[in-house]
Amino acid sequence: MLIEFELIEKARKGDDGAFNQVVQAYRKRILGTIARLIGRPEDVEDVGQEVFLRLYYSLDQLRAAEVFEPWLYRLTVNAAYDYLRRQKRRHEHRMSDLSEQQVMMADASAGGKKQAEEQRRTKVREIVQSLLSKVSEEDRILLMMKEVEGLSLKELEKIYHVNENALKVRLFRARQRVLKAYESGEI
Amino acid sequence: MDQDRVKDKLDPLWTEYREACPDPEPSAHFMPQMWQRIEARRNAMSSAWFRIWAEVWLVATVMAVIVMGAILIPRLQNPPAYQVSYVDVLAAADSANDGAVVSANEPASEPE
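Residues numbered from 1 in each chain as written. Chains lettered and ligands numbered in written order. Predicted model: local features only at pLDDT ≥ 70, side-chain atom pairs only at ≥ 80, totals over all residues.

Enquirer: Looking at this structure, I do not really get the interface of chain A and chain B. What am I missing?
Expert: A common measure of how large an interface is: the accessible area buried when the components associate. Contacts between chain A and chain B engage 27 residues on the former and 23 residues on the latter. Those elements giving two or more residues to the side of chain A that touches chain B turn out to be α2 (16-38), α3 (44-58), α6 (112-132), α7 (137-148) and α9 (164-184) of chain A. Top contributing element to the side of chain A that touches chain B by residue count: α2(A), with eight residues. Residue classes in the side of chain A that touches chain B are distributed as 16 nonpolar, two polar and nine charged. (Contact = placed C-beta atoms within 7 Å. Helix = DSSP H or I, 4+ residues; strand = E, 2+ residues; numbered from the N terminus. Nonpolar A, V, L, I, M, F, W, Y, C, P; charged D, E, K, R; others polar.)

Shown next, in the form of structure tokens:
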């Protein structure tokens with residue numbers, strides 16, 4: 001936990017100052033998770049604000065301060081999922097935006113070693129985003145939370161409200177699909 | 001076997017992706033914009049409550065008008081129970097009183 005339980009309790013009782021402190025403590029971590037989940041840097045803050053907006057209006061439903069983090073991750077997962085679904089509907093726009101974004105990234109990176117490092121990172125991001133586009137939004141988020149965010153199955157169980165075995169099966173299938181895409185060179 | 005293959009090939013990729021996407025620094029606008037959105041939602045919610053409240057009152061008023069109409073219209077359509085006017089009633093009562101006064105002033109007839 002990044003904060004004391006008392007602060008969450010205060011925020012839950014409607015103390016806006018306490019809520020502000022909660023957001024300040026968690027915003028960087030949540031924005032990082034969102035950035036890796038959605039893969040669109042320009043929309044990260046928008047989705048992050050949506051997460052904290054949902055948190056503000058659902059904090060009174062939180063049963064105990066101890067389950068705050070899984071609760072926050074659940075809101076993050078849901079907001080990212082909603083975003084990805086919206087993006088899927090606007091897929092054509094996305095593809096054109098992506099090429100523009102790549103051009104901007106290439107332009108932005110300047111000279112020598114730094115440029116090479118940025119190019120390598122951009123390449124990794126592109127590969128992973130392409131691989132993840134081969135699975136559903138649900139599986140993409142689940143894989144990210146497990147493999148990249150490093151959450152344990154127990155933590156995922158609390159976030160998804162699904163038993164461990166069901167999660168294992170789902171993760172296994174998602175990994176298989178990603179591996180198949182990786183090996184077949186579809187990306 | 002499959003699990004090992006997945007681990008060998010994908011695990012380094014996840015690690016690299018994690019490194020390629022570090023936690024971004026929130027911009028200076030993040031908190032003010034977030035509070036603006038919270039306020040906007042709060043206003044939208046309160047105006048929604050006001051609208052619901054106004055609609056409830058409107059429906060209640062319409063229902064009251066319908067109920068009052070259902071009670072009053074049949075009564076107004078039926079002929080009134082009394083056909084005579086208030087003046088007629090007074091005149092009738094007055095003439096009855098006059099008779100009583102006259103009969104009281106007349107001398108009692110002698111018994112035969």
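Text resumes after the structure shown.
Enquirer: Which parts of the structure should I look at to understand the packing of α3(A) against helix α4 (residues 68-89) of chain A?
Expert: Packed helix pairs are characterised by how far apart their axes lie and by the angle those axes make with each other. All names here are of chain A. One can describe the packing of α3 onto α4 by two numbers: an axis separation of 9 Å at closest approach and a directional angle of 130 degrees. One element, α3, and the other, α4, form an angle in the oblique class. Considering the relative orientation of α3 and α4, their crossing is right-handed. Contacts between α3 and α4 involve Val47, Glu50, Val51, Arg54 and Leu55 from the first element and Leu72, Leu75, Thr76, Ala79, Ala80 and Tyr83 from the second. When grouped by side-chain class, the residues that make up the contact of α3 with α4 number eight nonpolar, one polar and two charged. (Axes fitted to C-alpha atoms, helices over the stretch in contact; angles between N-to-C directions. Parallel < 35°, antiparallel > 145°, perpendicular 65-115°, else oblique. Left-handed = near helix turned anticlockwise from the far one by under 90°.)

Enquirer: It is not clear to me how the packing of α7(A) against α9(A) should be interpreted in this structure. Could you clarify?
Expert: Residues and elements named next belong to chain A. Packing of α7 against α9 leaves a shortest axis separation of 10 Å and a crossing angle of 100 degrees. It follows from the interaxial angle that α7 and α9 lie roughly perpendicular. In contact with Asp139, Leu142, Leu143 and Lys146 of α7, α9 contributes Arg170, Leu171, Ala174 and Val178. Classifying every residue of the contact of α7 with α9 gives five nonpolar, no polar and three charged.

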